[in-house]
Amino acid sequence: MARSSDRGRLSALAQTILEDSWEEVEAEIDRQVKNKQTARDAKRHLADHTWCGLLIALIRWIEKIDDAVQLLADKGEQFVKNVLTQHLSGLSKDLADAVTGIVVDSAWSALAKLLEAHFPLLGEDTLRVLRMLALFACPAVDRHPEVYEHAAKPLMSDGLKVVSDEIKTQVTSFFTAWWRRQSASASG
């Protein structure tokens, strides 16, 4: 998992969504709300879960789009496999299915990478950074269950996976080196 660019993405999203838009939001509130105290109260009210609520709504929207895209992708992949299998009619069904699976899985993987490169909004990196931003923007996660559910829990899960992958790598490295030493001492 590439986490090195999360800081840059986090800064860019925070700048774009929160900081850059604030001047426009503030000016528009001042323009529409003629009473200065009411305008100030409205702006102060924005600090109470409005920004984190906005971020959670974006996260949930992207998750729904991802679910729909995944459903369409699964159906599309199956369609392509069915069509390609028909073109391999000279092979046994099992061999045609296996070859089709190999070819389509490879092509589908390349297509998925291409789509994520050209539409990064729908990628896991954007979701992870939006989740971080929602946590940072939330004044009280313990009183905002949606932030916990859609930001904190997925990030904790990501963290466990990173730790798990790192531990697997370290254990594999350790045992590979240990087995090499054992093999060298057994043969020498």
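Being a predicted model, the structure only gives us computed values, none of them experimental.

### Examining a nonpolar patch on the surface
Then comes step 1: Together, Phe79, Val80 and Val83 make up a nonpolar patch on the protein surface, roughly 250 Å² of accessible area in all.
Then comes step 2: For Val80, the position within the fold is in helix α3 (residues 50-87).

### Concerning the packing of α3 against helix α5 (residues 124-137)
Then comes step 1: Between α3 and α5, whose axes approach to 8 Å, the crossing angle comes to 160 degrees. One element, α3, and the other, α5, form an angle in the roughly antiparallel class. As α3 packs across α5, the resulting crossing turns out to be left-handed. For the pair α3 and α5, the contacting residues are Trp51, Cys52, Leu55, Ile56, Ile59, Ile62, Glu63 and Asp66 in the first and Thr126, Leu127, Leu130, Arg131, Leu133, Ala134 and Ala137 in the second.
Then comes step 2: Residues of the contact of α3 with α5, tallied by class, amount to eleven nonpolar, one polar and three charged.

### A few points about the packing of aromatic side chains
Then comes step 1: Inspection of every chain in the model, using the stated rule, returns one aromatic pair.
Then comes step 2: Aromatic pair Trp22 and Trp51: ring centres 6.4 Å apart, planes at 70 degrees, arrangement edge-to-face. Of the two residues, Trp22 sits in helix α1 (residues 6-32) while Trp51 sits in helix α3, which places them 29 residues apart along the sequence.

### Concerning the pattern of salt bridges
Then comes step 1: Applying the stated rule across the entire model yields nine salt bridges.
Then comes step 2: A salt bridge links Lys81 to Glu77; the nearest nitrogen and oxygen atoms lie 3.8 Å apart. One end of the pair is Lys81 and the other is Glu77, both in helix α3 and four residues apart, which spans about a single turn. No difference in accessibility class separates Lys81 from Glu77, as the two residues are buried.
Then comes step 3: Note that Asp97 and Lys93 form a salt bridge whose closest N and O atoms lie 2.9 Å from each other. You can see Asp97 and its partner Lys93 sitting in helix α4 (residues 93-118), four residues apart, about one turn around the helix.
Then comes step 4: What you see here is one network of salt bridges that share partners, running through Glu26, Asp30 and Lys43.

### Structural notes on the nonpolar core
Nonpolar side chains in soluble globular proteins tend to end up buried together.
Then comes step 1: In this structure, Leu55, Ile56, Ile59, Leu130, Ala134 and Val147 are the most contacted members of the largest nonpolar core, which totals 22 residues.
Then comes step 2: The set of elements that each furnish at least two residues to this core consists of α1, α2 (36-46), α3, α5 and α6 (145-187).
Then comes step 3: The residues touching Ile59, leaving out its near neighbours within four places in the chain, are Leu127, Leu130, Arg131, Ala134 and His150.

### Considering α3
Then comes step 1: Across its 38 residues, α3 extends 55 Å between first and last C-alpha, which sits within 8% of the 56 Å expected from 1.5 Å per residue.
Then comes step 2: Of the positions making up α3, those classed as buried are Trp51, Cys52, Leu55, Ile56, Ile59, Ile62, Asp66, Ala73, Glu77 and Lys81.

### Here's the deal with α4
Then comes step 1: Here α4 spans 36 Å end to end across 26 residues, near enough to the 38 Å set by a 1.5 Å rise per residue.
Then comes step 2: Of all the positions in α4, only Ala96, Thr100, Gly101 and Val104 are classed as buried.
Then comes step 3: At its buried positions, α4 is contacted by α3.

About the thresholds
- Residues numbered from 1 in each chain as written.
- Predicted model: local features only at pLDDT ≥ 70, side-chain atom pairs only at ≥ 80, totals over all residues.
- Heavy atoms only, no water.
- Patch = residues over 30% accessible without salt bridge, like charges linked within 9 Å, V, L, I, M, F, W, Y side chains within 5 Å.
- Areas by Shrake-Rupley, 256 points an atom, 1.4 Å probe, with all protein chains shown as cover.
- Salt bridge = Lys/Arg side-chain N within 4 Å of Asp/Glu carboxyl O.
- Helix = DSSP H or I, 4+ residues; strand = E, 2+ residues; numbered from the N terminus.
- Axes fitted to C-alpha atoms, helices over the stretch in contact; angles between N-to-C directions.
- Parallel < 35°, antiparallel > 145°, perpendicular 65-115°, else oblique.
- Left-handed = near helix turned anticlockwise from the far one by under 90°.
- Contact = heavy atoms within 4.5 Å.
- Nonpolar A, V, L, I, M, F, W, Y, C, P; charged D, E, K, R; others polar.
- Phe/Tyr/Trp six-rings, centres within 6.5 Å; stacked < 30°, edge-to-face > 60°.
- Buried < 20%, exposed > 50% of the residue type's maximum accessible area, 1.4 Å probe, protein only.
- Core = buried A, V, L, I, M, F, W, Y, C linked by side-chain atoms within 4.5 Å.
- Expected span 1.5 Å × (residues − 1).

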